[in-house]
Amino acid sequence: MNQPINIFWFRRDLRLDDNVGFYEALKGDCPVMPIFIFDTEILDKLPEDDARVTFIHETLQSMRQTVQDEYGSSIAMYNGKPLEIYKKLVDEYEIKTVYTNHDYEPYATQRDKEIKHFLESKNIGFKTFKDQVIFEKDEVVKKDGDPYVVYTPYMRTWKENFKEYNFKIHYTNDYLNNLVDHSRLPNLSLSDIGFTKSSQEITPYDVTPTLIQEYEETRNFPAKDNTSRLGPHLRFGTVSPRKMMKKAMNEDNETFMKELIWREFFMQILWHFPHTKDKAFKAKYDRIEWRNNEDDFKKWCDGKTGYPLVDAGMRQLNKTGFMHNRVRMLVGSFLCKHLLIDWRWGEAYFAEKLHDYEMASNVGNWQWVAGSGVDAAPYFRIFNPTTQIDKFDKNRVYIKQWVDDFDTDSYPDKMVDHKEARERCLETYKAAVS
DNA sequence: TTTTGAGTTGTTCGA
DNA sequence: GTCGAACAACTCAAA
């Protein structure tokens, strides 16, 4: 009890290997007690059968088992507000330093600031590390030091920097014996934290050389579903972003790698411009007079718009927690432009349903589709929900997979006429932004 | 400071 | 059926 320890705080980096903060903690001067806090500030907003919570819980249990079986140690589980938990921990243990990895979301940066302040008042160190991206914050900026707000020049500089950048993989195996040697640290079941096991499962990722090679050609066709399913694993850290980037670079096709760079682009945007989580990046787009019709929104959510590809996407989302990227753009455009519903409503719905929900990417892409964001589509670029079918689901394979009443009498009529909705959108946007 | 070229993913219209 | 221009100017990045 009186022996000093260091703490490693797992958050969205749920893996034992190539975890930068964990590696640094293990190399430190005291035995390491790993902890995880089920943060009630976040969990209180989620449905009790949330698939992501189930996934986090199962992942932690499996990590805990590994650490127990192989090293006679454990991972301590807590439930509550992080600051309150730390107040208890400092009474219980003699803590020298708390190690953790950077988290760039507005809530997380504020939370970490408060924790750091508290720990330092107790003479405890708070060391944080870059782990979930290759380049963070100010590491890829313009020559004058300002952040990029256009993707292509950001990506070029990212690649330039990457040539010079000698990243290493942090193999923790040799150091895991520096974990605390007691295995009776507190554990929590799903019901302890107020949740039940979800009927939905987080899909394992599938990144093969073939997938990467064919990515550019096939990724736009939802029926093929030639996508990596990496999202949730990058979100919760069950895959190492460094190892994944290495894989992407080993293939000639750059499209896959560019997608990984998009992730970092949006992360640095949210870090530099935290207000864009709920304010338009281009301020005048907040003048748009959204119709925000509740009944329309419900039809969209339920996949009953009468436009089969839109409905297929929404039904896939509701049923599985995933939607093919091509279809995400279409349903987003349809919500904002055909229905004139605020992108924040769509953003919130995706945040609730998507297993791969990531604030930076979700907000960034919704603002893109609404026209209000960085490097956004011009507002007059309105997806045609019918011609998108001919382009990307010609044989209606994807539609039939998700819309079982397709081509039957019970399938709903189109809730809006495309031409009328398009003109209404152009007028409304024009009034707001020009 | 000024200038210049360029900007994720589209649609429609008319020749 | 195919193709280029218009959509509407604007903002960004870099020289």
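Here is what the cut-offs are and how they apply
- Residues numbered from 1 in each chain as written.
- Chains lettered and ligands numbered in written order.
- Predicted model: local features only at pLDDT ≥ 70, side-chain atom pairs only at ≥ 80, totals over all residues.
- Near = placed C-beta within 6 Å.
- Nonpolar A, V, L, I, M, F, W, Y, C, P; charged D, E, K, R; others polar.
- Buried ≥ 20, exposed ≤ 12 C-beta atoms within 10 Å, placed from the backbone.
- Helix = DSSP H or I, 4+ residues; strand = E, 2+ residues; numbered from the N terminus.
- Pairing = 2+ DSSP bridges.
- Contact = placed C-beta atoms within 7 Å.
- Domains from an automatic or database assignment.

Draft legend 1. Main features of the protein's contact with DNA strand C. As a structural note, the neighbourhood of DNA strand C is formed by K142, K143, Y148, V149, V150, P153, T157, P378 and F380. Among the residues making up the surface near DNA strand C, the classes are represented as six nonpolar, one polar and two charged.

Draft legend 2. Main features of the pairing of strand β1 (residues 5-10). Extensive coverage of β1 is indicated by the burial of five of its six residues. With five bridges connecting them, β1 and strand β4 (residues 95-101) associate as parallel partners. By the bridge assignment for β4, I5 is matched with I95. Pairing geometry for β1 and strand β2 (residues 32-39), over five bridges, is parallel. Within β2, the residue paired with I7 across the bridge is M33.

Draft legend 3. A look at the environment of Y148. Turning to its location among the elements, Y148 is positioned in the loop between β5 (125-129) and α6 (151-164). With 21 C-beta atoms counted inside 10 Å, the residue Y148 sits in the buried group. In this structure Y148 touches V140, V141, K142, P153 and Y154, once residues within four positions along its chain are discounted.

Draft legend 4. Spatial organisation of the domain arrangement of chain A. Its domain assignment divides chain A into domain 1 (1-131), domain 2 (132-166 + 206-272) and domain 3 (277-433). Between the C-alpha centres of domain 1 and domain 3 the distance comes to 37 Å. In this complex, domain 1 contributes four residues to the contact, which on the side of domain 3 involves four residues.

Draft legend 5. Representation of the protein's contact with DNA strand B in the model. Every one of the 16 residues lining DNA strand B counts as a neighbour, but Y151, T152, W262, D375 and N384 are closest to it. For the surface near DNA strand B, the secondary-structure elements that each account for two or more residues are α6, α15 (359-370) and α16 (387-392).

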